[in-house]
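Listed here are the chains, written in short residue letters.
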Amino acid sequence: MIAIRAARPEDAAAIGAIYAPYVLGGTVSFETEAPDTRAIRHRMAASDGFYPWLVATTGEADGDGVLGYAYATMFRERPAYRYVVETSIYMAGSAQQKGTGRLLYEALVDTLRAQGFTQAIGVLSLPNDASITLHEAVGFRRAGVYREVGFKQGRWIDVGFWQCRLNEGTVPPKEPRPFREIGVVRG
């Protein structure tokens, strides 16, 4: 059984283990050193209960295996961007191409909608067919490409932006609600 739940500080080691191969062995992440458990915990805590961090696990009990994680962060720092989030998802190699990533990402998108954000932006290194397919399956559409903006593993890499409308923008806009008030929303 796959369970989707809010990530907990004790998930940081598993999250770091899932993320490390993306950092060390490919161009999906532009980081060059894999963050340790402490750094992952710090990133999770920096969301301050406002932005969601979710995990897909093999069950709901503590200690069940984390198969993947998805989270949202501030899109940009200036106040006018506060209605928009940037999203990310990473799956363990053994959990890829089995539908778990879609369940997890759908839960993240549903949660962000319930919080009241207006747009989600996915930032993908290119080429990345699997990630493009996942993003488009949950409602993201291609918004543009920056050419040759990252240099990793001896080559220049393009970055694509995929955008998902979460809610209609109102005038005046409604302030998004913190994740700690909403919790994980599915469907």
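Please read all numbers here as calculations on a predicted model, not as lab measurements. One numbering rule holds for all chains: residues counted from 1, following each sequence as written. Since the coordinates come from a predicted model, pLDDT governs what is reported: local features require at least 70, and pairs of side-chain atoms require 80 or more to be given and counted, while whole-chain, interface and lining totals use all residues. To get the side-chain values, take all heavy atoms of the structure and skip hydrogens and water.

1. Concerning unusual backbone geometry
Backbone geometry follows two general trends: most residues other than glycine have a negative phi, and most peptide bonds adopt the trans configuration.
For step 1, the next point in the chain: Cis geometry marks the peptide bond from Leu126 to Pro127; its omega dihedral reads 0°.
For step 2, the next point in the chain: By the secondary structure assignment, Pro127 is in the loop between strand E5 (119–126) and helix H4 (129–137).
For step 3, the next point in the chain: With a phi close to 50°, Asp48 is a non-glycine residue in the positive phi region.
For step 4, the next point in the chain: Mapping Asp48 onto the fold places it in the loop between helix H2 (37–46) and strand E2 (53–57).
For step 5, the next point in the chain: Think of it in three bands: with a 1.4 Å probe and only protein chains considered, a residue is buried below 20% of the maximum accessible area for its type, exposed above 50%, and partly exposed in between. The class for Asp48 is exposed, based on a relative accessible area of 59%. Put simply, DSSP marks the helices as runs of H or I at least four residues long and the strands as runs of E at least two long, and each gets a number from the N terminus on.

2. A short note on the nonpolar core
Most often, soluble globular proteins keep nonpolar side chains buried together rather than apart.
For step 1, the next point in the chain: In terms of nonpolar packing, the biggest core is built from 45 residues, with Ile15, Tyr69, Leu104, Tyr105 and Phe140 touching the most fellow members.
For step 2, the next point in the chain: Dropping the residues within four chain positions of it, Ile15 is found in contact with Ala7, Ile40, Met44, Trp53, Val55 and Tyr69.
For step 3, the next point in the chain: We define the nonpolar core as a collection of buried residues of types Ala, Val, Leu, Ile, Met, Phe, Trp, Tyr and Cys that are connected through side-chain atoms lying within 4.5 Å of one another. Residues Phe75, Val84, Val159 and Phe161 belong to the second largest nonpolar core, which totals five residues. The contact criterion used is simple: two residues touch if any of their non-hydrogen atoms lie within 4.5 Å.

3. What about the packing of aromatic side chains?
For step 1, the next point in the chain: In this scheme Phe, Tyr and Trp rings, the latter by its six-membered ring, pair at centre separations within 6.5 Å, and the angle between planes marks the pair as stacked below 30 degrees, edge-to-face above 60, and tilted otherwise. Per the stated rule, a full pass over the model turns up 13 aromatic pairs.
For step 2, the next point in the chain: For the ring pair Trp53 and Tyr71, a centre distance of 4.2 Å and an interplane angle of 10° mean the geometry is stacked. Residue Trp53 is located in strand E2, and its partner Tyr71 is located in strand E3 (residues 66–74); the two are separated by 18 residues in the primary sequence.
For step 3, the next point in the chain: Residue Trp53 is classed as buried on the basis of its relative accessible area, which comes to 7%.
For step 4, the next point in the chain: By relative accessible area, Tyr71 is classed as buried at 17%.
For step 5, the next point in the chain: Pairing Tyr146 with Phe161 gives two aromatic rings, centres 4.8 Å apart and planes at 70°, and the pair type is edge-to-face. Of this pair, Tyr146 sits in strand E6 (residues 141–152) while Phe161 sits in strand E7 (residues 155–165), and the two are 15 residues apart along the sequence.
For step 6, the next point in the chain: Given a relative accessible area of 45%, Tyr146 falls into the partly exposed group.
For step 7, the next point in the chain: Classification of Phe161 by relative accessible area gives buried; the value is 17%.
For step 8, the next point in the chain: Each residue in the set Tyr19, Tyr22, Trp53, Tyr69, Tyr71 and Tyr90 is aromatic and connected to the rest through ring pairs, giving one cluster.

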